[in-house]
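# Survey of secondary and tertiary structure
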Amino acid sequence: MLAVVGAATLAHLLVVSVARRRREIGLLKVLGFVNLQVAATVSWQATTVALIGIVVGVPLGVVAGEAVWNAFANNIGAVPVSAVPTWLVVTLAVGVLVVANLLAIGPALVATRSKPARLLQPTQLNAV
């Protein structure tokens, strides 16, 4: 359930980011970005957010997991031996990166299909 909520949060972040940065995307297109470069920009944003989550979350998760396991094992009178399977942590990290980039496909397609002239038009909020 936590993974689903995290994926939904990342998808929401990407959709809102593309919507709020429409003028910047239009400017990049006017300056010469092709659709592949616009899509790559959205993909890099998803990758960066996922990497920050991995770099912060994995060490904190390992430390918290060992602390909880040690407290639990000591409470029931067992020997607190903890083992962190490195292959599983690496597989999950790669999976997070893959899912983040798969979630970026939709917002990237929206960003690439937009026309620069429409993106650069003033909106009701910007027209003062």
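Refer to the structure presented above.
Predicted model, so just to flag it, every value in this text is computed and none were measured.

Conventions and cut-offs
- Residues numbered from 1 in each chain as written.
- Predicted model: local features only at pLDDT ≥ 70, side-chain atom pairs only at ≥ 80, totals over all residues.
- Heavy atoms only, no water.
- Axes fitted to C-alpha atoms, helices over the stretch in contact; angles between N-to-C directions.
- Helix = DSSP H or I, 4+ residues; strand = E, 2+ residues; numbered from the N terminus.
- Contact = heavy atoms within 4.5 Å.
- Nonpolar A, V, L, I, M, F, W, Y, C, P; charged D, E, K, R; others polar.
- Buried < 20%, exposed > 50% of the residue type's maximum accessible area, 1.4 Å probe, protein only.
- Arc of directions from axis to C-beta.

Another aspect to go through is the packing of helix α4 (residues 86–103) against helix α5 (residues 105–113). Across the interface, α4 lies against α5 with an axial gap of 4 Å and an inter-helix angle of 35°. On α5, the residues that touch Asn-101, Leu-102 and Leu-103 of α4 are Ile-105, Gly-106 and Pro-107. Considered class by class, the residues forming the contact of α4 with α5 number 4 nonpolar, 2 polar and no charged.

The α-helix advances 3.6 residues per turn, and as a result positions three or four apart in sequence lie on the same side. Among the residues of α5, those classed as buried are Pro-107, Ala-108, Ala-111 and Thr-112. All buried residues of α5 project into a common sector of 135° when viewed along the axis, lining one side. More than 90 degrees from the buried face of α5, the exposed residues found are Val-110 and Arg-113. Elements in contact with the buried residues of α5: α1 (2–20), α2 (22–30), α3 (35–76) and α4.

What follows is about the environment of Ala-83. Mapped onto the elements of the fold, Ala-83 is located in the loop between α3 and α4. Along the sequence, Ala-83 and Val-62 sit 21 residues apart, while their C-alpha atoms lie 9.8 Å from each other.

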